[in-house]
Amino acid sequence: MNSIQCAHATDVIVPAPSSASLPASLILLLATGAGLAAAALYYSQPMLGVLGADIGASARAVGFVPTLTQLGYALGILLLVPLGDRYDRCRIIVIKAAVLCAALLVAAAAPGIGMLLAASLVIGIAATMAQDIVPAAATLAPEAHRGKIVGTVMTGLLLGILLSRVVSGFVAEHFGWRAMFIAAAASIALIGAAAWRGLPRFRPTMHLAYGALLGSLARLWQRHGALRRATLSQGLLSVGFSAFWSTLAVMLHGEPFHLGSAAAGAFGLAGAAGALAAPIAGRLADRRGPGRVARLGAGLVIVSFGVMALSPLLAPHARLGLLVASAIGFDLGVQATLIAHQTIVYGIEPAARSRLNAVLFTGMFIGMAVGSALGALALAQWGWMGVTALATASAVGALIVDSH
């Protein structure tokens with residue numbers, strides 16, 4: 001497939017025939033860009049203690065850094081990602097890369113908490129370039145290989161999330177927290193330059209004004225039952241996913257484990273299983289149908305959360321082993337279901353892929369927020385078994401939605 005340079009072309013590249021696939025270099029660019037953009041959301045989390053002491057900010061004030069980053073991401077998904085259907089996605093990706101690079105440099109130079117909080121909000125908004133890259137991959141991919149290619153790009157995105165905390169913790173400890181933000185800015189600058197040279201231009205698929213563009217999100221929701229089912233199911237799975245991860249550190253800190261935050265962070269390595277499984281889930285979606293993959297993924301999540309009910313019967317070491325196995329299992333299930341739902345959504349209305357993606361991920365992040373709140377409540381009222389019951393019930397709800 002002939003490459004049309006974003007910097008110079010005036011027309012969109014013609015997708016490859018259904019029997020062909022994308023060049024490996026282009027897939028690598030898309031996967032790396034998605035991963036580095038998503039990673040920018042999480043670099044700050046392991047550095048908060050060092051960061052707060054360095055700029056003289058309280059723990060409460062520093063806690064707003066990741067909060068504003070996530071809020072910016074949610075706002076960006078809802079308000080900016082739909083623009084991918086209205087304007088050239090290549091240019092949107094390049095512009096967001098420039099803004100994200102600048103925001104990371106401002107964070108690195110921030111003399112106090114005020115500037116850092118403002119930069120964090122902008123980092124979250126601009127990091128939504130990851131959600132422009134995924135629909136771009138779906139658009140470029142031939143239909144016969146769409147699930148596989150989207151799964152590969154999602155692997156990059158998920159590995160970026162997984163490795164960001166490990167990398168930032170190491171860099172902050174050895175070179176300082178400001179160095180991490182500078183390195184992140186450099187990586188985004190390189191991706192922006194590569195995208196400008198390596199991505200084709202994308203012809204807009206509609207020409208609505210901005211207000212009408214956002215209003216069309218509601219019409220897409222009303223028009224497509226498959227979109228509603230995919231969004232609701234992924235949102236329900238996100239409730240359990242977020243409830244687990246938002247309460248794990250508190251649970252491990254208490255009886256009988258008495259483990260610190262480093263141990264809870266190590267559990268995040270279980271996410272590698274989900275990241276590596278994404279292309280497999282994509283291939284299965286291509287061959288067996290995304291609906292079947294979504295149901296299998298939800299079923300795996302149910303089993304993985306359900307077996308945690310056995311924890312009180314086991315010795316502490318065996319309980320930790322069960323937690324690790326369950327974390328691997330439900331992460332596999334959640335990520336496989338996400339790939340399946342994306343494959344379903346991207347096939348609904350090709351001209352509206354950015355808006356469909358915005359609806360899906362807005363529902364997912366709403367589920368994350370609800371899960372975090374309900375997980376904390378469940379842990380306080382009923383202990384870890386309450387969290388397990390909440391996560392299992394939400395996964396059962398997702399399977400019911402996917403079965404209709």
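A.B. asks: How would you sum up the packing of helix α1 (residues 24-39) against helix α7 (residues 130-140)? Please name residues and give values.
C.D. replies: Packed helix pairs are specified by the crossing angle of their axes together with the interaxial distance, meaning the distance between the axes. Contact geometry of α1 with α7 gives a least axis separation of 8 Å together with a crossing angle of 160°. When the axis of α1 is compared with that of α7, the two are roughly antiparallel. In this structure, the crossing between α1 and α7 has a hand that is left-handed. Of the residues in α7, those in contact with L26, L30, G33, A34, A37 and A38 of α1 are A130, I133, A137 and L140.

A.B. asks: Give me the environment of R229: which residues, what numbers.
C.D. replies: Structurally, R229 can be placed in helix α11 (residues 225-253). On the basis of relative accessible area, R229 is assigned to the partly exposed category, the value being 36%. For the pair R229 and L360, spaced 131 residues apart in the sequence, the C-alpha separation amounts to 9.8 Å.

A.B. asks: Which residues make up the pattern of salt bridges, and what values do they have?
C.D. replies: Close approach of charged atoms allows side chains with opposite charge to pair. In this structure the tally under the stated criterion is 7 salt bridges. D85 serves as the salt-bridge partner of R89, at 3.3 Å between the closest nitrogen and oxygen. Accessibility expressed as a relative area gives 1% for D85, which makes it buried. Close ionic contact of D88 with R91 constitutes a salt bridge, the shortest N to O distance being 3.7 Å. Accessibility expressed as a relative area gives 6% for D88, which makes it buried. Among the charged side chains, a network of salt bridges with common partners joins D85, R89 and R355.

A.B. asks: Go over the packing of helix α5 (residues 89-109) against helix α6 (residues 113-126) with me, naming the residues and quoting the values.
C.D. replies: Where α5 contacts α6, the axes come no closer than 9 Å and their chain directions differ by 160°. The angle between α5 and α6 places the two elements in the roughly antiparallel class. Between α5 and α6 lies a crossing of left-handed hand. Together, K96, V99, L100, A103, L104, V106 and A107 of α5 and M115, L116, A119, V122, I123 and A126 of α6 make up the contact between the two elements. Counted by class, the contact of α5 with α6 contains 12 nonpolar, no polar and 1 charged residues.

A.B. asks: Would you mind going over the packing of aromatic side chains in detail, with residue names and values included?
C.D. replies: Summed over the entire model, instances satisfying the criterion amount to 6 aromatic pairs. Here F241 and F330 contribute two aromatic rings whose centre-to-centre distance is 6.0 Å and whose plane-to-plane angle is 85°, an arrangement assigned as edge-to-face. Of this pair, F241 sits in helix α11 while F330 sits in helix α15 (residues 316-346), and the two are 89 residues apart along the sequence. The exposure class of F330 is buried, given its relative accessible area of 0%. Aromatic ring contacts, followed pair by pair, group F241, F244, F305, F330 and W384 into a single cluster. Here the basic side chain of R86 rests over the ring of Y87, its NZ or CZ set 4.8 Å away from the ring centre.

A.B. asks: Please give an account of a positive patch on the surface that cites residues and values.
C.D. replies: On the surface, K148, R283, R287, R288, R292 and R295 cluster together to form a positively charged patch. Those elements giving two or more residues to the positive patch turn out to be α13 (271-288) and α14 (290-306). Here the element with the most residues in the positive patch is α13; it accounts for 3 residues. For R287, the location among the structural elements is in helix α13. Here R287 falls in the exposed class, since its relative accessible area comes to 66%.

Thresholds, definitions, all that
- Residues numbered from 1 in each chain as written.
- Predicted model: local features only at pLDDT ≥ 70, side-chain atom pairs only at ≥ 80, totals over all residues.
- Heavy atoms only, no water.
- Axes fitted to C-alpha atoms, helices over the stretch in contact; angles between N-to-C directions.
- Helix = DSSP H or I, 4+ residues; strand = E, 2+ residues; numbered from the N terminus.
- Parallel < 35°, antiparallel > 145°, perpendicular 65-115°, else oblique.
- Left-handed = near helix turned anticlockwise from the far one by under 90°.
- Contact = heavy atoms within 4.5 Å.
- Buried < 20%, exposed > 50% of the residue type's maximum accessible area, 1.4 Å probe, protein only.
- Salt bridge = Lys/Arg side-chain N within 4 Å of Asp/Glu carboxyl O.
- Nonpolar A, V, L, I, M, F, W, Y, C, P; charged D, E, K, R; others polar.
- Phe/Tyr/Trp six-rings, centres within 6.5 Å; stacked < 30°, edge-to-face > 60°.
- Lys NZ or Arg CZ within 6 Å of the ring centre and 35° of its normal.
- Patch = residues over 30% accessible without salt bridge, like charges linked within 9 Å, V, L, I, M, F, W, Y side chains within 5 Å.
- Areas by Shrake-Rupley, 256 points an atom, 1.4 Å probe, with all protein chains shown as cover.
- Lys, Arg positive; Asp, Glu negative; His and termini not counted.
- Charge placed at Lys NZ, Arg CZ, Asp CG, Glu CD.

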